Amino acid sequence: MDTIASLFSFITTPVSWVIVQFHSVYGALFGPDTGWAWGLSIVSLVILIRICLIPLFVKQIKATRAMQTLQPEMKKIQERYKNDKQRQSEEMMKLYKDTGTNPLSSCLPILAQSPFFFALYHVLNSIASNDTIGVINTSLLESAQKAHIVGAPLAVKFTDSSSKVEALGASLTDVRVVTAVMIVLMSASQFFTQRQLMTKNVDTTVKTPFMQQQKMLMYVFPIMFAVFGINFPVGVLVYWLTTNVWTMGQQMYVIHNNPTPGSKAQASYLERLHKHVTSHGKVSRRRDRAIVKAIVAKGRDRNEFERKFINGLTKAGLAAQADGTVIKGDTAAVVEADDGTPTTGTPKRQQPKRQTKAQRQSAAKAAGESEPKTSLTKSDEPEDAKPAAAAKKSDAKSGSGTRSKAQSGQRKGPQRPKSPSKK
């Protein structure tokens, strides 16, 4: 640990100075030797560091989304040059250069926070070892050693011996209970943060190895925190638990207001935005206008949720503009189908329903009955000639290969002529 401490000694003094400044404020409120004064000083240090890292966090979000977009192209390169690792690396670097993506950007917040973490660890370890460090003099060192957070001294660990714990005025049971609870909370917050990212803010339309890596990290990180947490002082556990809670809240804010395209969070966001726009007739916030502007600029490349949002505005008589605003438009404007094909907003003409054979025959029969019958003159032929003529006509039809249908009440085939009635 001495090697690591020497590497980060340049930041130890600034970190100790920031803690002392916050301690002077909280000590005036809660007392200089209380756990509240020293604990809140550490929490305030975390908040100050995370506020300074917000620009890096924004870059991390953009880099992560860019890497998600490039995953299909990266997979193609890996399959194409799987036997040539050098060419594969060259093509990967060319892809990063062409798209302006840096894989290390997603790790910037963690890398930037690491020096402060190790500096705080060394400060608390020096307090436990009764050594002055930075701007923490002897009087501040004695005050920090007296500080207890829920019965556990600020500088003790889960693995410390009972003699060391008793020397700081605490019991081993209290220390292990407090540290165990804090380790569980630290691991649970890390798991929830990663799970929230996987279930809500990942593009579900593209299946990439990146998603499998994130899913694996969702279980690996909490285990790592639990294993290494038993060797962290209570003050470091306070630091790490606070930064995990900050990350969780910061991620919830980003998912709620700026979700990843194609994710479930984007579907919920666009649904809320659609309700707001249709009720007010305009896009109020600048952030919402930026998202609408990006959706309009995509054109045919919109995903399912974005097409549904644009179509919903069109059906409501509104039209999204290229600058992100919304104006009243024609209800018959062009909308997009689910596959991205542009169609008109007016309903399509319905094709007439096809009738069955029985329905067509009944319709034809009704049409025949409705026609006016022409008057026929009485023929001088005898009555027995009519059946014979009908029989000849039936024979002619059957000879032509068509099947004749029997009239109602008659048998099929030629009918025998009736004998003339005797008068």
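Not measured: the values here are computed from a predicted model. The numbers attached to residues start from 1 for each chain and follow its sequence in the written order. It should be noted that, the model being predicted, local features are given only for residues of pLDDT at least 70 and side-chain atom pairs only at 80 or more, the latter also being counted only at that level, while totals for whole chains, interfaces and linings use all residues. To get the side-chain values, take all heavy atoms of the structure and skip hydrogens and water.

**Focus on the environment of T314**
(1) Moving on: Inspection of the secondary structure puts T314 in helix 14 (residues 304-315).
(2) Moving on: A C-alpha to C-alpha distance of 9.0 Å links T314 and K328, two positions 14 residues apart in sequence. Runs of E in the DSSP output that reach at least two residues are strands. Runs of H or I that reach at least four are helices, and both are numbered from the N terminus.

**Remarks on the environment of R307**
(1) Moving on: Here R307 is to be found in helix 14.
(2) Moving on: Sequence separation between R307 and I295 is 12 residues; the distance between their C-alpha atoms is 8.7 Å.
(3) Moving on: Polar contacts, as counted here, are pairs of nitrogen or oxygen atoms within 3.5 Å of one another; within protein the pair requires one atom able to donate a hydrogen and one able to accept it, and residues that are adjacent in sequence qualify only if both atoms are side-chain atoms. At 2.6 Å, the side chain of R307 forms a polar contact with the backbone oxygen of R302.

**Notes on the confidence of the model for the chain**
(1) Moving on: Per-residue confidence for the chain averages 76 on the pLDDT scale, and 73% of its residues sit at or above 70.
(2) Moving on: How sure the predictor is of each residue is captured by pLDDT, a score from 0 to 100. Contacts are assigned to residue pairs that have any heavy atoms within 4.5 Å of one another. Under a pLDDT of 50 for its full length, residues 331-335 has, in the predicted model, 20 contacts with residues more than four places off or in other chains.
(3) Moving on: Residue range residues 344-348 is modelled with pLDDT below 50. Its contacts to residues more than four positions away, or to other chains, number 8 contacts.

**Considerations on the nonpolar core**
(1) Moving on: The criterion is simple. A nonpolar core is a set of buried Ala, Val, Leu, Ile, Met, Phe, Trp, Tyr and Cys residues joined through side-chain atoms within 4.5 Å. With a 1.4 Å probe rolled over the protein chains alone, any residue whose accessible area is under 20% of its type maximum counts as buried; one over 50% counts as exposed, and the rest are partly exposed. Counting 47 residues, the largest nonpolar core has L45, L120, I127, I136, V234 and Y239 as the members making the most contacts within it.
(2) Moving on: Elements supplying a minimum of two residues to this core: helix 2 (9-30), helix 3 (35-52), helix 6 (108-128), helix 7 (138-146), helix 9 (172-200) and helix 11 (234-257).
(3) Moving on: Element by element, the count of residues in this core is highest for helix 6, at 8 residues.
(4) Moving on: The residues touching I127, leaving out its near neighbours within four places in the chain, are I136, L141, A144, Q145 and A155.
(5) Moving on: Y269, L273, I291 and V326 belong to the second-largest nonpolar core, a separate cluster that totals 14 residues.

**Notes on the packing of aromatic side chains**
(1) Moving on: Note on aromatic contacts: the rings of Phe and Tyr and the six-membered ring of Trp form a pair at centre separations within 6.5 Å, being stacked when their planes are under 30 degrees apart, edge-to-face when over 60 apart, and tilted otherwise. Enumeration over the complete set of coordinates arrives at 5 aromatic pairs.
(2) Moving on: Relative to Y26, the ring of F22 has its centre 6.5 Å away and its plane inclined at 25°; by these criteria the two rings are stacked. With F22 and Y26 both in helix 2, this residue pair falls 4 residues apart, about one helical turn.
(3) Moving on: Residue classification places F22 among the partly exposed residues on the basis of a relative accessible area of 23%.
(4) Moving on: Ring centres of Y121 and F232 lie 6.3 Å apart, and the angle between their planes is 75°; on these two criteria the pair is classed as edge-to-face.

**Topic: a nonpolar patch on the surface**
(1) Moving on: Each patch groups residues whose relative accessible area exceeds 30% and which form no salt bridge, using 9 Å between like charges and 5 Å between nonpolar side chains of Val, Leu, Ile, Met, Phe, Trp and Tyr. Note that accessible areas follow from Shrake-Rupley with a 1.4 Å probe, and for residues the cover is restricted to the protein chains shown. By convention in these notes, a salt bridge is any Lys or Arg side-chain nitrogen within 4 Å of a carboxyl oxygen on Asp or Glu. Judged by side-chain polarity, M216, V220, I223, M224, V227 and F228 come together as a nonpolar surface patch covering roughly 550 Å² of accessible area.
(2) Moving on: Here V220 shows up in helix 10 (residues 209-229).

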